[in-house]
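Results of the structural survey
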Amino acid sequence: MRGAAGHGGPWRRGLIGALAVLLAAVAGCSSTGPKPSPGPSGGASNGGSNGVSTAPPASGAPVTLRVLAGSELQDMAPILDDARKATGVSVQFTYTGTLDGADTVTSGKADGAYDALWFPSNRYLRLDPAGAGKLLSETPVMVSPVAIGVRSSQLAALGWDPAKVTWSQIGQAVAAQKLTFGMSDPSRSNSGLSALVGVASAFSGAQSALTQDDVAKASPALRQFFTGQKLTSSSSGFLAQAYQRSAQGGSGVQVGALVNYESVLLSLNRTLPAAAQLTVIRPLDGVVSADYPLTLLSSAKGPAQDGFQRLAAYLLRPEVQRKISDVTARRPVVAGVPLGAGLPSDVRPELPFPGSRVVADALLSAYQNQLRRPSRTVYVLDTSGSMAGQRLSSLQAALIRLTGSDDSGSVVRFRDREEVTLISFADSVKWEHTHAVPDQAPDAALAAIRSDVQSLSAGGGTAIYSTLEEAYKVVAQQQAAAQDDRFTSIVLMTDGESNEGASAADFAAFYKALPASGQAVPVFPILFGEGAKQQLQGIADTTGGQLFDGATGDLSSVFEEIRGYQ
C-alpha cells in the first residue's frame with residue numbers, strides 16, 4: 001500500500017467542495033457569455049481563498065521555482081517562456097508520476113528540495129493528512145477530463161453516437177471483444193487512477209464519495225472491463241507514443257482505443273494518419289477531471305512564495321488562459337475565456353472520488369492483484385565479470401525489493417498471479433528459472449525468487465542479443481503451454497556491450513521473423529555502468545520498448561518505474 005490511510009480535515013472537505021464548483025463551471029464554459037471568474041482555488045476573483053491575487057502581475061526580481069511536476073507539462077514550455085519574460089519567474093521542472101510525487105511529499109522528501117508542485121491533480125495527495133498539511137496554496141490552472149479516444153475507423157462498427165456513449169456501453173463492447181484499449185498504470189499515473197476511479201464509480205452507481213462497498217459491487221464489471229486492456233505504461237505520455245508508433249507502422253501492440261486525458265488525445269490526433277485518428281468520447285455518465293493545481297509547498301522560502309504568486313496570477317490572465325487552451329488543448333479555468341479548437345462545450349458530471357486513502361489504496365491493490373490481466377515478465381540479467389562487487393549488489397537489492405521484502409508493499413512488488421522468469425547470462429545463458437506467484441499465500445514463491453536473486457554471481461563475457469533471442473523463445477514456450485492472455489514484457493539489465501554471440505543485425509532479423517504474439521512483447525533495457533547506450537536504444541526501438549537510465553540514478557527506482565509497463 002502507499003502510505004498510511006486517513007481522512008482529511010474540514011479545510012480539505014471545503015477545498016474539495018470548491019473544486020467541485022470550479023469543475024462544474026469549467027465543464028459548462030463555452031465560447032459565449034461572460035461568467036464570474038473563479039479565483040485561484042475556485043472562489044471569487046481578486047484574492048480567492050488562498051490569497052493569490054488575480055490582478056495583472058508585476059514583474060519583480062528574477063526567481064526560479066523548483067517544481068515537482070507531471071511530465072505532460074512539457075507542453076507548457078511556450079507559456080512558461082512568456083511568463084518568465086513578463087514576471088521574471090522561471091520554472092525548473094523535475095518530472096515524476098503523480099502518485100510517486102505524492103509519496104515524495106508525504107514522506108517529507110520534497111521539503112527544501114522543491115518550492116512547488118504541479119501535478120494533474122492533488123486529490124490522492126490530499127487523502128493523506130501528512131501530505132495535505134504540506135500544501136500552503138493551490139491554484140487550479142487548467143482542466144482536462146480523462147476520456148476515451150476510439151479509433152475512428154472502429155467507431156462505425158460499434159454503432160455509437162460519440163455524444164451519447166456511457167461507460168456501460170464501453171464495458172459491453174469490451175466484453176463482446178469488439179474493443180481493446182490502452183490505459184496507464186493507476187498506481188503511478190493520475191490518468192490511470194482517474195480512469196480506474198471513474199469506471200468503478202460508474203459501474204457501482206456511486207452517488208457520493210466512493211466506498212469499499214462500491215468497489216466490491218463494481219468488481220465483477222471491472223474485471224470484465226480490464227480484459228480489454230492490452231497496453232499499459234507508467235505515464236500518459238508513453239501511452240500516447242506507443243499508440244502513435246504502432247499507428248505509423250512501427251512495433252508494439254495495436255489497440256482500438258486509448259483511455260487518457262482529453263488534451264492528450266486531441267493533441268495526439270495532430271500527429272496521426274487518418275485511419276488511426278481517435279474520436280474523443282467523454283462518457284455521458286461522467287468523468288474524473290484533472291485541474292492541474294499549481295501548488296506552493298509550506299516549506300518554500302519567501303522569494304519562492306513571491307515568485308509563486310506572480311506566476312499564478314499571470315497564468316490566470318484571460319489572454320494567457322486562452323493561449324493555454326489553444327496550445328495544450330486543456331480547458332481554461334477562468335469563466336468566459338473561449339475554449340480552444342476542438343473542445344466541446346457540453347457538460348459532463350464529475351464522478352465521485354474515494355473518500356479516504358484506505359478506499360483509494362484498496363482499489364489500487366484490487367486492480368493490481370485481482371482486476372487487471374496478469375503479467376508474464378522475463379528479467380534478462382547481465383552477470384558478466386564487470387558486474388562483480390557493488391554493481392551486482394545493487395542489482396540484487398533492486399530485485400529483492402520487488403519481492404516485497406521491505407515496506408514497498410503491493411504497489412511495486414511482484415503481483416499475485418504474475419509469472420516471473422529470471423535469466424542469468426554472461427557469454428551464454430547461465431541459468432533460467434520461472435516462478436508463478438499465486439493469488440493465495442504468495443510468500444513461498446516470493447521467497448524462492450529472493451533465493452535465486454541472492455545466488456547470482458559475476459563472471460564471463462556479454463552476449464546480449466543471443467540471450468534476448470533465448471528470452472523470446474522462453475516467452476513463446478510459456479505462451480504455447482499456458483494458452484493464456486497476459487501482459488508480457490522483457491527487462492534487460494546490463495552494464496556492458498554485447499561482445500559475444502549474435503549481432504544487432506541478427507537480432508533484428510530474428511525479431512522480424514517472430515509471429516505477432518512475439519512482436520507484441522517489448523524489451524525495456526536498463527542502462528547501467530558503462531552499458532552501450534546505442535545498442536540498448538536500438539533494442540528498445542526495435543521491440544517497442546523504452547530505454548531506462550540506471551547509470552545516473554537509483555537502480556531500485558528504475559526497476560519500480562518499469563513495473564508500470566508490465
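Anyway, here's the lowdown on the structure attached to this text. Think of each chain on its own: its residues are numbered from 1, step by step along the sequence as written. Thresholds applied to this predicted model are a pLDDT of at least 70 for local features of residues and 80 or more for the giving and counting of side-chain atom pairs; totals over whole chains, interfaces and linings are not thresholded and use all residues. Side-chain measures here rest on the full set of heavy atoms in the structure, leaving out hydrogens and waters.

What follows is about the sheet that holds strand E14 (residues 419–425). At least two bridges found by DSSP between two strands is the condition for calling them paired. Each helix is a run of DSSP H or I of at least 4 residues and each strand a run of E of at least 2, with the numbering of both proceeding from the N terminus. Spatially, E15-E14-E13-E16-E17-E18 is the arrangement adopted by the six strands of the open sheet, whose pairing is mixed. Strands with a single pairing partner mark the edges of an open sheet, and in this sheet they are strand E15 (429–436) and strand E18 (548–549). Alignment of strand E13 (residues 375–382) against strand E16 (residues 487–494), held across seven bridges, turns out to be parallel. Paired with Leu 381 across the bridge in E16 is Met 493. Residues are treated as being in contact if the distance between any of their heavy atoms lies within 4.5 Å. Throughout, an axis means a line fitted to C-alpha atoms (over the contacting stretch in the case of helices), and angles, computed between N-to-C directions, take values from 0 to 180 degrees. Set on the sheet, helix H22 (residues 555–562) makes contact with E13, E16, strand E17 (523–527) and E18; between it and E17 the angle comes to about 170 degrees.

Let us now look at the pairing of E16. Each regular strand carries side chains that alternate between the two faces of the sheet. Partly exposed residues are those whose accessible area sits between 20% and 50% of the maximum for their type, while under 20% is buried and over 50% is exposed, using a 1.4 Å probe and protein chains only. Counting buried positions along E16 gives eight out of eight residues, so the element sits mostly inside the fold. Relative to E17, E16 is paired through five bridges, and the arrangement is parallel. Considered in E17, the bridge of Val 491 is made with Phe 524.

Whether two aromatic rings pair depends on their centres lying within 6.5 Å, for rings of Phe, Tyr and Trp, where Trp uses its six-membered ring; planes under 30 degrees apart make the pair stacked, over 60 edge-to-face, and the rest tilted. Using the criterion set out here, one finds 19 aromatic pairs in the structure. Summarising the aromatic geometry, the rings of Phe 225 and Phe 226 are spaced 5.2 Å apart at their centres and angled 80 degrees between planes, so their arrangement reads as edge-to-face. Across the pair, exposure class does not vary: Phe 225 and Phe 226 are buried alike. Through a chain of ring-to-ring contacts, the aromatic side chains of Trp 167, Phe 181, Phe 203, Phe 225, Phe 226 and Tyr 367 assemble into a single cluster. Above the plane of the ring of Tyr 292 lies Arg 330, whose end atom (NZ or CZ) is 4.7 Å from the centre. Of note, Arg 373 hangs over the ring of Phe 487, and the distance from its end group to the ring centre comes to 4.4 Å. Criterion for a charge above a ring: Lys NZ or Arg CZ within 6 Å of the ring centre, and within 35 degrees of the ring normal.

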